[in-house]
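Coordinate analysis (summary)
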Amino acid sequence: MADRYWILGTGSWDSTTTTNWSASSGGAGGASVPTASDNVFFDANSNVLATAFTVTMANTPRVCNDFTASGLDGTMTLAGSAIGLTVSGSLTFQATNFTRSYTGITTFNATTTGKTVTTNGVVFGGQVIFNGVGGGWTLGSAISSGNQTITFTSGTFDTSSSGNYAVTAGGIDSNTTTARTINLNASTVTLGGSSAINFATSTNLTFNAGTSTINGSGASPTFAGGGKTFYNVAFTSTALSAPSITGANTFNNLSITGQTTIGIGVLSLSANQTINGTFTVSAGTAAPYRIFLASDTIGTTRTLTCAAVSLTDTDFRDITIAGAASPASGTRLGDCKGNSGITFPAAKTVFYAFTGSSTWGSRVWASTSGGTRDNNQFPLAQDTAVFPAATYPAFGSTVTIEANFNIGTIDMSLNTSNNMTLATGTTTPAIYGNWINGTGITLSGTGTLSFAGRTTQQITSSAKTFTQPITINSPSGSVTLQDALLTTGIATTLTNGTLDLNGKTLTVGTRFTTATGTKNLTFNGGTLVCPNANTTSFNNAVPTGFTTTAGTGTGTISMTAATAKTFVGGGSTFNCTLNQGGAGALTITGANTFSNITNTVQPASVLFTAATTSTFTNFNLSGTSGNLITIGSVTAASHTLSKASGTVSVSFCSISYSSATGGATWEALTTNGNVDGGNNSGWIFTTPPAPSAGNGNFLMFF
Amino acid sequence: MVKIDFSFHSQYGTFADALVLEDDHGLTQDEINAMQQQRFDNWVAIITAPPTEETPSEEV
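Structural notes, computed from the coordinates. If you're wondering where the values come from, they're calculated on a predicted model, not measured in any experiment.

Counting its regular elements, chain B contains one helix and two strands. Walking chain B from its N terminus toward its C terminus, one meets helices and strands in the order β-β-α. The buried share among the 60 residues of chain B stands at 22%. Considering only residue pairs separated by 6 or more positions, chain B has 23% of its internal contacts joining residues 24 or more positions apart.

Structure below.
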């Protein structure tokens, strides 16, 4: 181990230049470039007279044992572009006459304890890493890496039990399995990035929270606590967007700052949490300045065991409040279903009471029709929002849902003549009650409307088109059409719950699709029309958990595009009729089961996937003279059609690569206009000649 | 070296830091106070800076 002193002012600290290194303070140059075991000093003799100077690091990483900048009488700038500095001992930056402009990773890799890190107000410009097995570092002052991450990989980091120095960073990352210890004492830790705490892998992490306070100040901080015990943790942004907590953690106090930005910040929980002190969600500017506390998985409950709570302007979904604070109550709490241990305000009906255009979150709601507008009447998830007739709003007005609010029932039924537009733009509101259009309204917007009410919800379209994609995500709930529903939105998605067509027609936009969840499509005589021509016009993308129910009457899925379209069945059972309802070829993928298959146009093609078996209760494809229905495979190989019993009799069909099986008789008699296109089996194209007495081919026994 | 611990209590929490100075630093108390205030102001500036992260994309 040697000491190396910087001399001669501005110069390059690289891997070869020895000009600026001396073995003594102000001594002769030419000493070797410091190694990881050498201490480096920057002092009053490092510059020429008292002038400012720049030490530019190059050849990353620069290494040293102790790094000491002390006694400088001219401003030293430690520079370097994306250069790393690795310190194997302690580090001291001088409080004055020292600036840092290098950007790059600063690594502390000591393997013995007793090291100190004293940055004296100098902010690191890049990531800071503590990684030394057996190493131990104690802060000598506050440390800041700005919005960069401080990573603890191995060793022991301590904020000083006497100084309780502040830590400021984009985030703290200790997501590994090596042994490491973090002691926060009574420090304030402020983390402004999107990954505030990352202890996702907390194996061999000893985390001593002390009485520290961790503030996540970003808009969407992820707090991956790794199941550790923290002291006070706060999400301090007044404009929270999408923070999250993962890991089954324990807190003293957990708090969320009241929002000053209109809208709703969604704090998602992926595990149960324990709060031994108080769980606080502070009031926002007004009721529409909300926090949404939700399980990360709809239908899966997260439990907050709390000693005490203070809750305002908060929506809950799939949250149980347990512990001494249960049942919890608060101010303007919204019930987005799946909750327990929370006392919500009784559902109320509020009335739009502004004469002109406005936004959903504005002071436009009143407790009576035409009454005084009051911010506290902002409709919560359990409430009903009514648009009265006449002047609320006036003819031609637009009401815009400007945030992803949780909305109960929207009742626009009285709006029959004073046309208004309900606009959602790109927002994605969730609906927990009924949606009732009036005949005088217009809908606009491209963000998804999610129906998530868990119980029975109804949609009354009143012949008005939904421009938004619609998602049914209502575990154990149902959404029932009250009349025909037409959406031009990109997709209608069935994720959780039952979509009951209720004998009505649902016409979707680009596609109908399923998503992960337990979902059911009930027809009750209704029809699902997929009019778009694409490879996923009907897309049972997640067949697991998907069922269909015929109900009363015959349900139909009609593929009506005039050009090629695909029915992606996913191997499910469709208790309905699949109808080829457009001139474009219908491709069917998956080994599906159908109640029936029909066509309402001809000529047309129905193409099955080779090497799959499609099973039918009834099979009623037929063309007309000169307008054949082509039954074939997508590729030049056979598919299989199966029917258990009875007789299938098609007419005016051209059939190829088709294997008809299952026990039924499959007739495609050429006398009925059918064509044997070849590579078929099981189909009967010609009737065997009837026996007659004239040909003598009889044996008679007596 | 002389180490001067100091802290500020604010709505953002307690900011604890230390000034580590030469024994003969020659700074007046006002200058020290100013340096401490500057440290605190810098901290507030960092933790109240608008987030740069992108907002989540809308569900489609």
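Attention now moves to the overall build of chain A. A count of helical and extended segments in chain A gives zero helices and 73 strands. Computed over its C-alpha atoms, the radius of gyration of chain A comes to 36 Å, more than 25% above the 27 Å expected for a compact globule of 702 residues. Each principal axis of the C-alpha atoms in chain A carries an extent, and together these give about 130 × 75 × 45 Å. Here chain A holds 702 residues, and 55% of them are scored as buried.

Our next topic: the sheet that holds strand β44 (residues 420–423) of chain A. Residue and element names in this part refer to chain A. Across the sheet, which stays open at both edges, the four strands sit in the order β38-β41-β44-β47 with parallel pairing between neighbours. Edge positions in the open sheet fall to β38 (358–359) and β47 (441–444), since each of these has one partner strand only. As paired elements, β38 and strand β41 (residues 397–400) share two bridges and run parallel to each other. Looking at β41, one finds that T359 is bridged to T400.

Now for the environment of A:L485. Residue and element names in this part refer to chain A. Following the sequence through the fold, L485 ends up in strand β51 (residues 485–486). The class for L485 is buried, based on 25 C-beta atoms found within 10 Å. Taking the C-alpha atoms as reference points, L485 and V87, separated by 398 residues in sequence, lie 67 Å from one another.

Time to look at the interface of chain A and chain B. If you look at the interface, chain A gives 36 residues, while chain B gives 26 residues. When contributions to the side of chain A that touches chain B are tallied by element, the ones reaching two or more residues are β20 (188–191) and β23 (213–216) of chain A. Partitioned by chemical class, the residues of the side of chain A that touches chain B number eight nonpolar, 28 polar and no charged.

Residues and elements named next belong to chain A. The strand order β68-β71-β73 describes an open sheet built from three strands, whose pairing is parallel. With one partner strand each, in any of the chains shown, β68 (647–649) and β73 (683–684) form the two edges of the open sheet. Summarising the sheet, strand β71 (residues 665–667) and β73 pair through two bridges and their orientation is parallel. Paired with E667 across the bridge in β73 is I684.

Formed by 192 residues in total, the largest nonpolar core has its most connected members in A:Y352 and A:C653. In terms of residue count, strand β2 (residues 13–21) of chain B provides more of this core than any other element does, six residues in total.

Residues and elements named next belong to chain A. Note the cis peptide between T60 and P61, where omega equals -10°. For P61, the location among the structural elements is in the loop between β5 (53–57) and β6 (62–64). A cis amide bond links Q602 to the next residue, P603, at an omega of 0°. Within the secondary structure, P603 sits in the loop between β63 (593–599) and β64 (604–608). Even without being a glycine, N97 presents a positive backbone phi close to 55°. According to the C-beta neighbour criterion, N97 is partly exposed, with 19 such atoms within 10 Å.

What counts, and at which threshold
Residues numbered from 1 in each chain as written. Chains lettered and ligands numbered in written order. Predicted model: local features only at pLDDT ≥ 70, side-chain atom pairs only at ≥ 80, totals over all residues. Helix = DSSP H or I, 4+ residues; strand = E, 2+ residues; numbered from the N terminus. Buried ≥ 20, exposed ≤ 12 C-beta atoms within 10 Å, placed from the backbone. Contact = placed C-beta atoms within 7 Å. Rg over C-alpha atoms; globule rule 2.2 N^0.38 Å. Pairing = 2+ DSSP bridges. Nonpolar A, V, L, I, M, F, W, Y, C, P; charged D, E, K, R; others polar. Core = buried A, V, L, I, M, F, W, Y, C linked by C-beta atoms within 7 Å.

What is shown is where atoms sit, not what they do.
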